[in-house]
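# Overview (structure and organization)
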Amino acid sequence: MPIITISRGSSSMGKAVAEKVAARLGYRLISREVLLDASSRFNVSEMKLEKAIHDAPGILERYRHSKQSYVAYIRSALMERIVDDNVVYHGLAGHLLLKGIPHVLKVRINADMERRIKIVMERDGIPAEEARLRIQEDDKQRRKWTHSLYDQDPWDSSLYDLSICIDKLSVDNAVEFICQAAETDGFQATERNRNKAADMAIACRVKAALVDDFPHVGVTCEYGNVLIYVRAKDSVAGKLTKKLNQIRETMDGIHHLETHAGVELPPDAV
Amino acid sequence: MSIIIISSDVREIEEMIVGKVAEEKGYGRLDRRIINDVAARHQVEPGRLIEALETTPSLFRKLSSRQWRYYLSCIEADVLERLLADNLVCWGLAAHLYVTDISHAMKIRVLAGKSSGLAKIAEERGISLQRAETYRDDEMARRKKWSLAAFNQDETDLSRYDLVISLDQIDPVETVRTITGASEYRKFQVMTYSMKCLTDLALAAKVHAVLLKSMADVKVQARDGSVVVSTRASTRQKRKKTETIKALAGQVDGVGYVEVHVKKNFLKETA
């Protein structure tokens, strides 16, 4: 059975759709739990993680690479949660964090601006103009975040399998479409797809362990064989050897670990 | 009873999905086969109309901005008039960009997806997958530029469509089933009000096409047979232009009253 990610702009009814899809299919519904997992596992406050996945990196953060670290932690925590599939994830950036796993049904929910304004006005008790500005600012941040970390636009249609506009279509219609699409062959969790997800989870775990000290690291994993791509100058550091030994000893599922220095990152590296 | 408007990033896929949806629903197809009729009605060359749908104005092709807008307005007027017949699947005529705020018109975008779409392009053009990707990206950028120039709408914007389906993992059979299923929803059924909106839109487009034949820079709105035309003119030309617009628009079937709003054209004023 597939993994479903539901992405949306703020106040676009995505949460309601996700809840109904999970209830209908009997899947686990996850969102904030991923941040809590990452927070406790990597000892970073939930607020910092939330900010990392929501706001675009500032000038200083671009040099400190803290955002890359936080995103790697969140990605690793998310991978652990979805590896057993039958999951609906409606937290931020699911379609990007789970890129590369074949049985992920990536859904985008769009809502008409006026409808979004109405929801924010009712929820926060603010006038229409303030609600509009708040939504626009939120959309702007999402756009900047996706551009800065993934060089893509969240409104780019090629990122999604299904994009539904909750305007003429209702939440129930959207649920119907998503459940229908989830049953198609392309999204079924075959043995091969499951292996790929498990490999990705290992790669994300290794990356999360290294990213603090080596922010430019890239990791791939195939059948438990891990390839680590580092910059040439990082490969001579004793710290890297020490870290790799630690990873070998503590992490399960790794058969072989190999380092490549000064080589261009492959496109599927996390 | 509804109108289904389908667009895609790959023409062959668009045609295939349209064919299947039309067959499944028992609807008629509205596509570029009408171009010859449009050309005959407006006394223009069919090739020029196709060119207007594909390209932006260019000196090299001897297609001025004014001609281009006129050709597009002819197509728009004809398509909107034909859409009044209902039970149609429309494609290839840019209707997704000008059929706006009509609740019974369902707009669908079908994306070829990275794997299947690129393979199709590569096979058809005899090029590598990498070159096919560059070709597709260029084509998308070109279409985006065209749609913004022609109707001030971004064709690639997700929020313009009721449903966007990528064929990467969802197969065409499932896509057709989803589209036909969605078209049954109550929100896409014809209502008196949505039909009235379409009639108004069609009348405005008809008047627009008539006016663009002899002048540029006009905007037209219509409501229950009353037409409001907005344009620009210098103080000297204001009266004459108003009279011309009233005379031309008044000849169009269905127009009962014409109101003209003229803004000052400062450029002509200073010249």
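Residues numbered from 1 in each chain as written. Chains lettered and ligands numbered in written order. Predicted model: local features only at pLDDT ≥ 70, side-chain atom pairs only at ≥ 80, totals over all residues.

### Some words on the domain arrangement of chain A
All names here are of chain A. Domain annotation of chain A identifies domain 1 (3-187) and domain 2 (191-261). In this structure, domain 1 and domain 2 have C-alpha centres spaced 27 Å apart. Opposite the 16 residues of domain 1 that make contact, domain 2 presents 13 residues. Looking at which element gives the most residues to the side of domain 1 that touches domain 2, the answer is helix α5 (residues 66-82), with nine residues. Residues belonging to the side of domain 1 that touches domain 2 are distributed by class as follows: eight nonpolar, six polar and two charged. (Domains from an automatic or database assignment. Contact = placed C-beta atoms within 7 Å. Helix = DSSP H or I, 4+ residues; strand = E, 2+ residues; numbered from the N terminus. Nonpolar A, V, L, I, M, F, W, Y, C, P; charged D, E, K, R; others polar.)

### What to know about the sheet that holds strand β6 (residues 218-223) of chain B
Residues and elements named next belong to chain B. The strand order across the open sheet formed by three strands is β6-β7-β8, and the pairing between neighbours is mixed. A single partner strand is all that each edge strand has here, and the edge strands are β6 and β8 (257-264). The average undirected angle you get between the axes of adjacent strands in this sheet is 20 degrees. The pairing of β6 with strand β7 (residues 226-233) spans six bridges and is classified as antiparallel. Among the inter-strand pairings, Arg223 is bridged to a residue of β7, identified as Ser226. Contacts between helix α9 (residues 192-212) and the sheet are confined to β6 and β7, with β6 contributing the most and set at about 150 degrees to the helix. Each of β7 and β8 touches helix α10 (residues 235-250); the most contacted strand, β8, lies at about 155 degrees to it. (Pairing = 2+ DSSP bridges. Axes fitted to C-alpha atoms, helices over the stretch in contact; angles between N-to-C directions.)

### So, the nonpolar core
Ranked by internal contacts, the top residues of the largest apolar core, which has 148 residues, are A:Ile74 and B:Cys90. Top element by residues in this core is α9(B). It accounts for eleven residues. Not counting chain neighbours up to four residues away, the residues in contact with B:Cys90 comprise B:Ile3, B:Ile5, B:Leu30, B:Val79, B:Leu83 and B:Ala95. (Core = buried A, V, L, I, M, F, W, Y, C linked by C-beta atoms within 7 Å. Buried ≥ 20, exposed ≤ 12 C-beta atoms within 10 Å, placed from the backbone.)

### Describing the packing of helix α1 (residues 11-25) of chain B against helix α8 (residues 172-183) of chain B
Geometrically, a packed helix pair is captured by the angle between its two axes and the distance between the axes. Residue and element names in this part refer to chain B. The N-to-C vectors of α1 and α8 enclose an angle of 50 degrees; their axes lie 10 Å apart at closest approach. Judged by the inter-axis angle, α1 sits oblique to α8. Crossing of α1 over α8 shows right-handed handedness. Mapping the contact onto sequence places Met16, Ile17, Lys20, Val21, Glu24 and Lys25 in α1 and Pro172, Thr175, Val176, Ile179, Thr180 and Ser183 in α8. (Parallel < 35°, antiparallel > 145°, perpendicular 65-115°, else oblique. Left-handed = near helix turned anticlockwise from the far one by under 90°.)

### Quick word on unusual backbone geometry
Residues and elements named next belong to chain B. Despite not being glycine, Ala94 shows a phi value in the positive range, around 60 degrees. Counting through the fold element by element, Ala94 comes out in the loop between β3 (88-90) and α5 (95-98). Judged by the 24 C-beta atoms lying within 10 Å of it, Ala94 is buried. You will see that Asp224, though not glycine, has its phi angle at about 50 degrees, which is positive. Mapped onto the fold, Asp224 is located in the loop between β6 and β7. Overall, Asp224 belongs to the exposed group, with 11 C-beta atoms counted inside 10 Å.

### Some words on the interface of chain A and chain B
Buried accessible area, meaning the area lost when the parts come together, often serves as the stated size of an interface. Opposite the 20 residues of chain A that make contact, chain B presents 23 residues. Taken together, the elements giving at least two residues each to the side of chain A that touches chain B come down to β4 (104-111), β5 (162-166) and α9 (171-182) of chain A. Each residue belonging to the side of chain A that touches chain B can be placed in one class, and the counts come to nine nonpolar, eight polar and three charged.

### Structural notes on α9(A)
Taking 1.5 Å per residue as the helical rise, α9(A) with its twelve residues ought to reach 16 Å, and the 16 Å between its terminal C-alpha atoms agrees with that figure. Among the residues making up α9(A), those that are buried are A:Asn173, A:Ala174, A:Val175, A:Glu176, A:Phe177, A:Ile178, A:Ala181 and A:Ala182. Against β1 (3-8), α1 (14-25), β4 and β5 of chain A together with α8 of chain B lie the buried residues of α9(A). (Expected span 1.5 Å × (residues − 1).)

### Focus on the domain arrangement of chain B
Domain assignment breaks chain B into domain 1 (3-188) and domain 2 (214-270). The gap between the C-alpha centroids of domain 1 of chain B and domain 2 of chain B is 31 Å.

### A short note on the environment of B:Val207
Residue and element names in this part refer to chain B. If you trace the backbone, Val207 turns up in helix α9. On the neighbour-count criterion, Val207 (28 C-beta atoms within 10 Å) is buried. The contacts of Val207, once residues within four sequence positions are left out, are Val220, Ala222, Val227, Ala249, Val252 and Val255.

### Some thoughts on the sheet that holds strand β5 (residues 163-166) of chain B
The strand order across the open sheet built from ten strands is β2(A)-β3(A)-β1(A)-β4(A)-β5(A)-β5(B)-β4(B)-β1(B)-β3(B)-β2(B), with neighbouring strands paired in mixed fashion. Of all strands in the sheet, those with a lone pairing partner are β2 (28-30) of chain A together with β2 (28-30) of chain B, marking the two edges. On average, adjacent strands in this sheet sit at an angle of 20 degrees to one another, irrespective of strand direction. Where β1(A) meets strand β3 (residues 87-89) of chain A, three bridges bridge the pair, whose relative direction is parallel. Bridge assignment links A:Ile3 to a residue of β3(A), and that residue is A:Val87. Each of β1, β2 and β3 of chain A is contacted by α5(A), which is oriented at about 150 degrees to β3(A), the strand it contacts most.

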